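Each chain, written out:
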Amino acid sequence: MLRLPPFRYHRPSTIAEAVALRGEHGGESMYIAGGTDLIPNMKHRLFEPAHLIALKGIPGLGGIGEEGGHLRIGSVETLTAVATNELVQSRFPALAEAAAHVAGPQLRNAGTIGGNVCLDTRCTYYNQTAFWREALGFCLKKDGDVCHVTRVGKKCVAAHSADTPPVLMTLDAIVVLVGPEGEREVPIRDFFVADGIVNTLRTPEEILTEIRIPLSSAARRQAYAKLRQRKSIDFPLLTVAIAADMEADGTVLSIEAVVTALGSRPRVLSGWSEVAQGRTLDDDVVDELAARAYKQCHPLENIVVDADWRRAMVPVYVKRALAKVRIA
Ligand SMILES: Cc1cc2nc3c(=O)[nH]c(=O)nc-3n(C[C@H](O)[C@H](O)[C@H](O)COP(=O)(O)OP(=O)(O)OC[C@H]3O[C@@H](n4cnc5c(N)ncnc54)[C@H](O)[C@@H]3O)c2cc1C
Ligand code: SF4
């Protein structure tokens with residue numbers, strides 16, 4: 001049995017109180033939302049905070065509704081709430097679908113969209129017990145000085161493994177962060193960095209308070225497709241999100257695809273609009289886009305499933321997502 005390390009649990013009732021607690025306890029503390037990722041990680045001794053600062057009881061962090069030209073989603077809304085919300089379903093169906101495909105029902109009832117966006121990266125050599133990792137001599141991301149995936153260099157390439165961010169990127173969402181220095185807005189496209197150790201621009205003191213999606217993005221045709229081992233629960237081996245602006249007759253004005261679970265951050269595939277602009281998504285265009293995606297994606301051995309097979313699945317899942325765009 002894996003036991004939790006000892007910690008104190010704080011339940012602030014305002015955002016300011018939570019940020020102050022983080023300041024008081026510094027690096028000894030962490031924020032917790034649903035705990036569906038943090039708690040297993042603490043059991044694996046990947047994090048050992050002496051103080052957990054709970055975000056779920058803070059009223060200012062909840063709610064889903066339209067506000068000033070965008071859909072506002074409070075960060076502590078659960079994935080179930082996002083997946084079943086009528087506004088999300090009608091305006092941003094790919095987001096509802098992505099949220100509905102995270103983990104399994106119990107985890108979606110507890111896990112939040114904020115926790116999903118802030119999710120730690122994952123790796124075969126990292127998401128293991130302390131005993132397992134010690135036997136291997138640890139690794140760069142935690143307690144060691146070598147990467148068992150690349151075996152060279154000083155860069156961690158653990159996989160970004162969250163389902164909702166690729167969709168949020170295709171919808172031009174913005175994340176709002178509040179910390180000791182005040183509030184800032186960051187386009188989610190710029191939020192992730194290519195560093196498997198810490199892969200977001202969020203500082204440890206900052207709380208992700210809400211996500212804003214421009215209502216104008218609702219006009220895009222959206223699609224999401226996910227490859228995983230067991231459809232009932234697993235993390236993605238590959239996620240594809242696509243959004244397209246199209247004329248009523250199906251002519252593409254612009255189209256964009258974001259993939260994840262391959263490297264440390266979700267990645268926009270290049271050149272899609274150049275291929276599809278002014279054309280309809282007929283079989284030739286779909287084949288060209290799928291081939292382009294295959295060329296650009298090079299999965300690493302950072303996840304337990306064979307990298308060559310995951311690469312072979314890229315065009316398959318791109319085609320599945322494009323089929324949804326065609327009928328959206
Ligand atoms: C068996 C299993 C399967 C899973 N499958 C998937 C999957 O298929 N797809 C997927 O995307 N995820 C999956 N997960 C991971 C997880 O359940 C979800 O990503 C969930 O959305 C995490 O949200 P949470 O609220 O539980 O985050 P927590 O565990 O509470 O927090 C995760 C991290 O984010 C930080 N954090 C949380 N909220 C905030 C905030 N508002 N501001 C600042 N920092 C914050 C925490 O400090 C912590 O570092 C799986 C987990 C398990 C155990
Ligand atoms: S990619 Fe390398 S450094 Fe990063 S978690 Fe995996 S083994 Fe460790």
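Residues numbered from 1 in each chain as written. Chains lettered and ligands numbered in written order. Predicted model: local features only at pLDDT ≥ 70, side-chain atom pairs only at ≥ 80, totals over all residues. Heavy atoms only, no water.

1. Some points on the site of ligand 1
At step 1: In the vicinity of ligand 1, 35 residues are found, and the nearest of them are Tyr31, Thr36, Thr112, Asn116 and Asp163.
At step 2: For ligand 1, an oxygen atom lies 2.5 Å from a polar atom in the backbone of Tyr31.
At step 3: Ile233 has a polar backbone atom sitting 3.5 Å from a nitrogen atom of ligand 1.
At step 4: Of all the secondary structure elements, the ones that give two or more residues to the shell around ligand 1 are strand S2 (29–32), helix H7 (113–117) and strand S8 (207–214).
At step 5: Residues belonging to the shell around ligand 1 are distributed by class as follows: 18 nonpolar, 11 polar and six charged. (Near = heavy atom within 4 Å. Polar contact = N/O pair within 3.5 Å; in protein donor to acceptor, adjacent residues only side chain to side chain. Helix = DSSP H or I, 4+ residues; strand = E, 2+ residues; numbered from the N terminus. Nonpolar A, V, L, I, M, F, W, Y, C, P; charged D, E, K, R; others polar.)

2. Looking at the pairing of strand S9 (residues 221–227)
At step 1: Taken across its seven residues, S9 has seven buried, putting it largely inside the fold.
At step 2: By the bridge criterion, seven bridges tie S9 to strand S10 (residues 238–246) in an arrangement that is antiparallel. When the bridges of S10 are listed, Ala225 appears paired with Val240. (Buried < 20%, exposed > 50% of the residue type's maximum accessible area, 1.4 Å probe, protein only. Pairing = 2+ DSSP bridges.)

3. Concerning the sheet that holds strand S1 (residues 8–10)
Within a sheet, adjacent strands bond to each other through the backbone by hydrogen bonds, running parallel or antiparallel.
At step 1: Across the sheet, three strands lie side by side as S1-S3-S2; this open sheet has parallel pairing. Strands at the two margins of the open sheet, each flanked by one partner only, are S1 and S2. Within the sheet, the average angular offset between the axes of one strand and its neighbour, ignoring direction, is 25 degrees.
At step 2: Relative to strand S3 (residues 51–54), S1 is paired through three bridges, and the arrangement is parallel. For His10, the partnering residue across the bridge sits in S3 and is Ile53.
At step 3: Strands in contact with helix H1 (residues 15–25) are S1, S2 and S3; relative to S2, the strand with the most contacts, it is inclined by about 155 degrees. (Axes fitted to C-alpha atoms, helices over the stretch in contact; angles between N-to-C directions. Contact = heavy atoms within 4.5 Å.)

4. Concerning the nonpolar core
At step 1: Residues Ile242, Ile255, Trp272, Leu281, Leu289 and Leu322 are the most contacted members of the largest nonpolar core, which totals 35 residues.
At step 2: Listed by contribution, the elements that provide at least two residues to this core are S9, S10, strand S11 (252–260), helix H11 (272–276), helix H12 (283–296) and helix H13 (307–327).
At step 3: By residue number, the principal contributor to this core is H13, which donates seven residues.
At step 4: Leave out the neighbours within four places in its chain, and Leu281 touches Met246, Gly250, Val252, Ile255, Val286, Leu289, Leu322, Val325 and Arg326.
At step 5: Core analysis: the next-biggest nonpolar cluster, separate from the first, contains 33 residues, Val88, Ala99, Val175 and Phe191 among them. (Core = buried A, V, L, I, M, F, W, Y, C linked by side-chain atoms within 4.5 Å.)

5. Here we look at the pairing of strand S5 (residues 70–74)
At step 1: Counting buried positions over the five residues of S5 gives five, a clear majority of the element.
At step 2: Residues His70, Arg72 and Gly74 line one face of S5 and the alternating positions Leu71 and Ile73 line the opposite face, and both faces are buried.
At step 3: Where strand S4 (residues 64–67) lies against S5, four bridges are found, and the strand directions are antiparallel. Counterpart to Glu67 in the pairing with S5 is His70.
At step 4: Linking S4 to S5, which pair antiparallel, is a turn of two residues; within it Gly68 sits at a positive phi near 45 degrees.
At step 5: For S5 and S8, the ladder comprises five bridges, and the chain directions are antiparallel. Bridge pairing in S8 links His70 to Pro214.

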